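Okay, here's what each chain looks like letter by letter:
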Amino acid sequence: MIPLFRTAVAPDAADRVTEVLRSGLLGHGPRTEEFEAALAARVGNPHLAVVNNGTSALHLALRLAIGRDQAADDGAPGEVLSTPLTFEATNWSILANHLRIRWVDVDPATLNMDLDDLAEKISPATRAVMVVHWGGCPVDLVRLRRVLDEAEAAYGVRPPVIEDCAQAWGAICHGQPLGNHGNYCAFSFHATKHLSCGTGGMLVLPGRESLPRARLLRFFGIDRQADRVNADYDVAEWGYNFYLNEIGAAIGLANLATVDERVRLHRENAAFYDRELAGVPGLELTARTEGLESSFWLYPVKVEDRVSFIGKMAAAGITVSAVCRRNDAHSCVASARASLPGTDAVQDRVVHIPVGWWLSDEDRAYIAETVRSGW
Ligand SMILES: *Cc1c(COP(=O)(O)O)cnc(C)c1O
């Protein structure tokens, strides 16, 4: 079977991990700091903290963005506007922070949040906006900023934005890599993501002010420079066990050196499909927008009769997948259900075909040919 996901391991990762194991220092250490510095240079934003996974980065982002007083005036949980078309980690991190989800519809063209619907739903009750760059395709962050400008002019409050960049390492929005648009940005370094630590993640911050707090909260609220020998330290604000270990940092450092080439291959394969699959009856590509350069961690298409499509591809040895159930359909969030016509219009049609660095020219030609032959 041609897989939909694969884990990249750079050639020197094994040696780097062996070095960590021999060093006897497996927890927090120099490689974590080296990885953090290398990431800061790559993202172009020094205000970041590596963590143990992308979900922790989302969790920490909400905690930092919303602050300690999370309840609305009436004591009800604060409201976060979010998209249903994502991996559950995005939305369960909202619930884990004792916040409430209010669903914003999906734009059927991009599969990202519909920013017109966001503009309608943003209100003084909005405590944060959570957007997801699905498959690596950037949300238009310049347009999003205008929506927030208008909300601020209307209500005098500007909710913070959290970008779930878990699938979007390497994506570019209006000339800038993600992580440079003034928001909280959560990245995942999960095994299958463009850049992998095995498991790992990073939170990029909107500015320098929140960095000390982010670094404290990822380690129980304890200052690592504190005098723990004499127990002479204070935790002013309790935090989590979210730090990245040295093994993960060593793998991440090795993979960081090779990630550009992988992203390039994903993009090249996507451009091939854009040409080969345009106009196939019963299949619709997602929108391509000037200035929004996807990193194509996924290649989503919309197909008629998805069950037959998946069956046909499986029989041909090609793994395809819907990847996620629309999150608002889960029973644990039944109380938040709302009418979402854009999501309804695509939920049964979205499917992802293999696009990754592991495809040979023959593989991708075979995939395109199999799709074109119908289902
Ligand atoms: C992978 C992923 C996450 C979670 O990242 P982990 O590192 O596995 O915790 C969150 N959101 C989206 C959209 C993802 O694809």
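Remember, predicted model here, so these are calculated numbers, not experimental data.

Participant: Quick question: what am I supposed to make of the overall build of the chain here?
Facilitator: Counting secondary structure elements, the chain contains twelve helices and 13 strands. A compact globule built from 375 residues would reach a C-alpha radius of gyration of about 21 Å, and the chain, at 21 Å, matches this within 12%. Each principal axis of the C-alpha atoms in the chain carries an extent, and together these give about 70 × 55 × 40 Å. The 375 residues of the chain split such that 54% are buried. For the chain, the accessible area works out to roughly 15800 Å², and carbon and sulfur atoms hold 52% of it. Here the chain holds 36 positive side-chain charges and 47 negative ones, and the gap between their average locations is 2 Å.

Participant: Would you mind going over the sheet that holds strand 6 (residues 172-173) with me for this structure?
Facilitator: As a general point, the strands of a sheet are linked pairwise by backbone hydrogen bonds and lie either parallel or antiparallel. The antiparallel open sheet is built from three strands, whose spatial order is 7-6-11. This sheet does not close on itself; its edge strands, each paired only once, are strand 7 (176-177) and strand 11 (292-293). Where strand 6 and strand 7 come together, two bridges link them in antiparallel fashion. The residue bridging Cys 173 from the neighbouring strand is Gln 176, located in strand 7.

Participant: What exactly am I supposed to notice about the environment of Ile 222 here?
Facilitator: Tracing the chain through its elements places Ile 222 in the loop between helix 7 (211-217) and helix 8 (246-256). Residue classification places Ile 222 among the buried residues on the basis of a relative accessible area of 12%. What Ile 222 contacts, discounting residues up to four positions off in sequence, is Leu 216, Arg 228, Tyr 233 and Val 235.

Participant: Help me understand a nonpolar patch on the surface in this model?
Facilitator: Residues Tyr 233, Val 235 and Trp 238 make up a contiguous nonpolar surface patch of roughly 310 Å² in combined accessible area. When you line up the elements, Trp 238 lands in the loop between helix 7 and helix 8.

Participant: Even after reading the chapter, I still don't get the packing of helix 9 (residues 259-277) against helix 12 (residues 361-372), so can you show me in this structure?
Facilitator: Helix-helix packing is characterised by the crossing angle of the two axes and by the distance between the axes. Look at helix 9 against helix 12: their axes get within 10 Å of each other, and the N-to-C directions meet at 30°. The orientation of helix 9 relative to helix 12 falls into the category roughly parallel. Relative to helix 12, the crossing made by helix 9 is right-handed. Contact with helix 9, carried on its side by Glu 268, Asn 269, Phe 272, Tyr 273, Glu 276 and Leu 277, involves Arg 364, Ala 365, Ile 367, Ala 368, Val 371 and Arg 372 of helix 12 and no other residues of that element. When the residues that make up the contact of helix 9 with helix 12 are grouped by side-chain class, the tally is seven nonpolar, one polar and four charged.

Participant: Looking at this structure, how should I read the site of the ligand?
Facilitator: As a matter of local geometry, the ligand sits amid 14 residues, with Gly 54, Thr 55, Asp 164, Ser 188 and Lys 193 nearest to it. Between the ligand and Thr 55 there is a distance of 2.5 Å, counted from an oxygen atom to a side-chain nitrogen or oxygen. Gln 167 has a polar side-chain atom sitting 2.8 Å from an oxygen atom of the ligand. Contributing elements (two or more residues each) for the shell around the ligand: helix 3 (54-66) and helix 4 (88-96). For the shell around the ligand, the residue count by class is three nonpolar, nine polar and two charged.

Participant: Explanation requested: the domain arrangement of the chain in the structure shown.
Facilitator: For interface size, the figure often reported is the accessible area lost on association. For the chain, the assigned domains are domain 1 (13-256) and domain 2 (259-372). Placing the centre of domain 1 and that of domain 2 at their C-alpha centroids yields a distance of 25 Å. Contacts between domain 1 and domain 2 engage 41 residues on the former and 37 residues on the latter. For the domain 1 and domain 2 pair, buried surface summed over both sides reaches about 3100 Å², with 60% attributable to carbon and sulfur atoms. Taken together, the connections running from domain 1 to domain 2 amount to one salt bridge.

Participant: Quick question: what am I supposed to make of the pairing of strand 1 (residues 48-51) here?
Facilitator: Looking along a regular strand, one sees side chains alternate from face to face of the sheet. The two faces of strand 1 match: Leu 48 and Val 50 on one face and Ala 49 and Val 51 on the other face are all buried. Of the pairings in the sheet, the one linking strand 1 to strand 9 (residues 201-204) comprises four bridges and is antiparallel in character. Pairing of Val 50 across the sheet is with Met 202, part of strand 9.

Participant: Is there a simple way to explain helix 9 in this structure?
Facilitator: Residues spaced three or four apart along an α-helix point in a common direction, a consequence of the helix completing one turn every 3.6 residues. For helix 9, spanning 19 residues, the distance from its first C-alpha to its last is 27 Å, which sits close to the expected 27 Å at 1.5 Å a residue. Buried within helix 9 are the following residues: Val 259, Arg 262, Val 263, His 266, Asn 269, Ala 270, Phe 272, Tyr 273 and Leu 277. Buried residues along helix 9 sit in contact with helix 2 (30-43), helix 8, strand 10 (283-285), strand 12 (299-303), strand 13 (350-353) and helix 12.

Participant: I would appreciate a short explanation of the sheet that holds strand 10 in the present structure.
Facilitator: Strand order across the open sheet formed by three strands is 10-12-13, with antiparallel pairing between neighbours. Here the strands that pair on one side only, and so sit at the sheet edges, are strand 10 and strand 13. Strand-to-strand twist in this sheet, taken as the mean axis angle between neighbours without regard to direction, amounts to 40°. Relative to strand 13, strand 12 runs antiparallel, the two sharing four bridges. Bridging across to strand 13, Pro 300 finds its partner in His 352.

Participant: Whenever I open this one, the side chain of Arg 364 confuses me. Can you help?
Facilitator: Within the secondary structure, Arg 364 is located in helix 12. One buried charge, Arg 364, has no salt-bridge partner; the nearest side chain with opposite charge is Glu 268, at 4.0 Å. In this structure Arg 364 touches Glu 268, Asn 269, Phe 272, Tyr 273 and Leu 359, once residues within four positions along its chain are discounted.

Parameters and conventions
- Residues numbered from 1 in each chain as written.
- Predicted model: local features only at pLDDT ≥ 70, side-chain atom pairs only at ≥ 80, totals over all residues.
- Heavy atoms only, no water.
- Helix = DSSP H or I, 4+ residues; strand = E, 2+ residues; numbered from the N terminus.
- Rg over C-alpha atoms; globule rule 2.2 N^0.38 Å.
- Buried < 20%, exposed > 50% of the residue type's maximum accessible area, 1.4 Å probe, protein only.
- Areas by Shrake-Rupley, 256 points an atom, 1.4 Å probe, with all protein chains shown as cover.
- Lys, Arg positive; Asp, Glu negative; His and termini not counted.
- Charge placed at Lys NZ, Arg CZ, Asp CG, Glu CD.
- Pairing = 2+ DSSP bridges.
- Contact = heavy atoms within 4.5 Å.
- Patch = residues over 30% accessible without salt bridge, like charges linked within 9 Å, V, L, I, M, F, W, Y side chains within 5 Å.
- Salt bridge = Lys/Arg side-chain N within 4 Å of Asp/Glu carboxyl O.
- Axes fitted to C-alpha atoms, helices over the stretch in contact; angles between N-to-C directions.
- Parallel < 35°, antiparallel > 145°, perpendicular 65-115°, else oblique.
- Left-handed = near helix turned anticlockwise from the far one by under 90°.
- Nonpolar A, V, L, I, M, F, W, Y, C, P; charged D, E, K, R; others polar.
- Near = heavy atom within 4 Å.
- Polar contact = N/O pair within 3.5 Å; in protein donor to acceptor, adjacent residues only side chain to side chain.
- Domains from an automatic or database assignment.
- Buried area = accessible area lost by both parts, 1.4 Å probe.
- Expected span 1.5 Å × (residues − 1).

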